[in-house]
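Spelled out from the first residue to the last, the chains are:
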Amino acid sequence: MRFTDTQIVDAAGIKGADLRAGYAHCRRLHAKFGRSYYLATKLLPPWKRPYVHALYGFARYADEIVDNGEPATRAADFTRWRRDVARQLEAGGDADPVCRALAHTLRIWQIPVAYVEAFLSSMEQDLTVTRYPSFDDLAKYMYGSAAVIGLQMTPILGPLDEEAYQRAEALGQAFQLTNFIRDIGEDLARGRVYLPQEDLARFEVTTDDLAARHPNAAVRRLIEFEIARTRDIYAYAWGGIRMLEPASRPCIETALHLYSGILDAIEAADYDILHRRAKVGIARRLAVAVPAYRSARSEFGQPAQRRGAES
């Protein structure tokens, strides 16, 4: 059964025209900019989906300012927007539709606003920091840019064990590392290198090597190393899926399979990704999504205490 947008926000118990419009706006942002994860979100029970759209929509909105804003005013625009976000979240997101949905989601699921602050700090870092000396330095950045997204998501997904939070942090990190590997060329065009400088030195890779049309042998070895590390993190994160409510598991399993599939696509391209983006093909998407959809259908339901009904 397909659910309309109205049925989904009704199922979540979201009321009020302005609030519903805010969630609809976040859903559109999610659908436009996060296709793989948006597909996975469709495997959640309908009443959980708007809250995930709110978290993703806000994150993407911030990312657009940092990555695609007007270069001359980007820093000032972000600083002004960040102050406005803090004010709006304190006031319940009274004006901006994205902040309105985010503030409501934070309140319903008792998600600490500190996670949002950590995320915005990492986004602000992107305005000035273009290199990371070590993996530890990169991990500190990724806590705010990716791990806290997993922490925000976990209450919505329904943790059955406190360790689910640690595993969710790891999954957010693995997703981000996958993006860093896939987007080496795009990030370099923005003046950024997210692969740790210690790794580049270890494999004797220079920035010029990353800017080349095709990877040399050293770049291939570097990417192979980064993929292996990322897969180790995925393996740890995988164990957290069974720590979630059964109805949430098909979504996260699908997201993990689709995102880790990007690493397979990079290998299949012989690491030749410096000027083209590796993608998971439609055949693999369907092979992952169809069984997951059938599994999700069998688990759809609403727990006895549905937080969205408090809205």
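- The chain goes by Phytoene synthase in an unreviewed UniProt entry, where it is assigned to Nocardia goodfellowii.
- As stated in UniProt under Pathway (unreviewed entry), the record for the chain gives "Carotenoid biosynthesis; phytoene biosynthesis."

1. A look at the overall build of the chain
Thought 1: A tally of helices and strands in the chain yields 15 helices and zero strands.
Thought 2: Per-residue burial over the chain gives 53% buried out of 311 residues.
Thought 3: Counting only contacts in the chain whose residues sit at least 6 apart along the sequence, the fraction spanning at least 24 positions is 73%.

2. Description of the side chain of Thr 105
Thought 1: In this fold, Thr 105 is placed in helix α6 (residues 97–109).
Thought 2: A relative accessible area of 0% means that Thr 105 is categorised as buried.
Thought 3: Excluding its chain neighbours within four sequence positions, the residues that come into contact with Thr 105 are Tyr 23, Tyr 51, Ala 54, Leu 55, Ile 111 and Ile 156.

3. Topic: the packing of aromatic side chains
In this description, an aromatic ring pair is defined by two values, namely the gap between the centres and the angle between the planes.
Thought 1: Taken as a whole and judged by the stated rule, the model has 15 aromatic pairs.
Thought 2: Ring centres of Phe 58 and Trp 81 lie 5.5 Å apart, and the angle between their planes is 25 degrees; on these two criteria the pair is classed as stacked. Note that Phe 58 is positioned in helix α4 (residues 49–68) and Trp 81 in helix α5 (residues 74–91), a separation of 23 residues in sequence. The exposure classification of Phe 58 matches that of Trp 81, with both residues buried.
Thought 3: Counting every residue linked through ring pairs, the aromatic cluster contains Phe 58, Tyr 61, Phe 78, Trp 81 and Phe 119.

4. Section: unusual backbone geometry
Thought 1: Look at Glu 204: it is not a glycine, yet its phi comes out positive at around 55 degrees.
Thought 2: Its place among the elements puts Glu 204 in the loop between α11 (197–202) and α12 (207–211).
Thought 3: Taking the relative accessible area as the measure of exposure, Glu 204 reaches 67% and is therefore exposed.
Thought 4: Non-glycine residue Tyr 271 carries a positive phi angle of around 65 degrees.
Thought 5: Structurally, Tyr 271 is set in the loop between α14 (249–268) and α15 (282–299).

5. Overview of the pattern of salt bridges
Thought 1: Counted by the stated rule, this structure contains 21 salt bridges.
Thought 2: As a salt-bridge pair, Asp 183 and Arg 277 come within 3.1 Å of each other at their nearest N and O atoms. Note that Asp 183 is positioned in the loop between α9 (163–182) and α10 (184–189) and Arg 277 in the loop between α14 and α15, a separation of 94 residues in sequence.
Thought 3: Assessed through its relative accessible area of 37%, Arg 277 is described here as partly exposed.
Thought 4: Residue Glu 226 pairs with Arg 229 through a salt bridge whose shortest N-O separation is 2.9 Å.

6. Regarding the nonpolar core
Thought 1: Residues Phe 58, Leu 120, Leu 138, Leu 210, Ile 223 and Ile 266 are the most contacted members of the largest nonpolar core, which totals 92 residues.
Thought 2: Residues in contact with Ile 223, not counting those within four places in the same chain, are Ile 181, Ile 184, Ile 266, Tyr 271 and Ile 273.

7. Concerning the state of the cysteines
The term disulfide refers to a covalent linkage connecting the sulfur atoms of a pair of cysteines.
Thought 1: This model, assessed by the stated rule, comprises zero disulfides.
Thought 2: Among the cysteines around Cys 26, which has no disulfide bond, Cys 99 carries the closest sulfur, lying 8.9 Å off.

Here is what the cut-offs are and how they apply
- Residues numbered from 1 in each chain as written.
- Predicted model: local features only at pLDDT ≥ 70, side-chain atom pairs only at ≥ 80, totals over all residues.
- Heavy atoms only, no water.
- UniProt positions renumbered as here; feature names shortened; annotations may be inferred.
- Helix = DSSP H or I, 4+ residues; strand = E, 2+ residues; numbered from the N terminus.
- Buried < 20%, exposed > 50% of the residue type's maximum accessible area, 1.4 Å probe, protein only.
- Contact = heavy atoms within 4.5 Å.
- Phe/Tyr/Trp six-rings, centres within 6.5 Å; stacked < 30°, edge-to-face > 60°.
- Salt bridge = Lys/Arg side-chain N within 4 Å of Asp/Glu carboxyl O.
- Core = buried A, V, L, I, M, F, W, Y, C linked by side-chain atoms within 4.5 Å.
- Disulfide = S-S within 2.5 Å.

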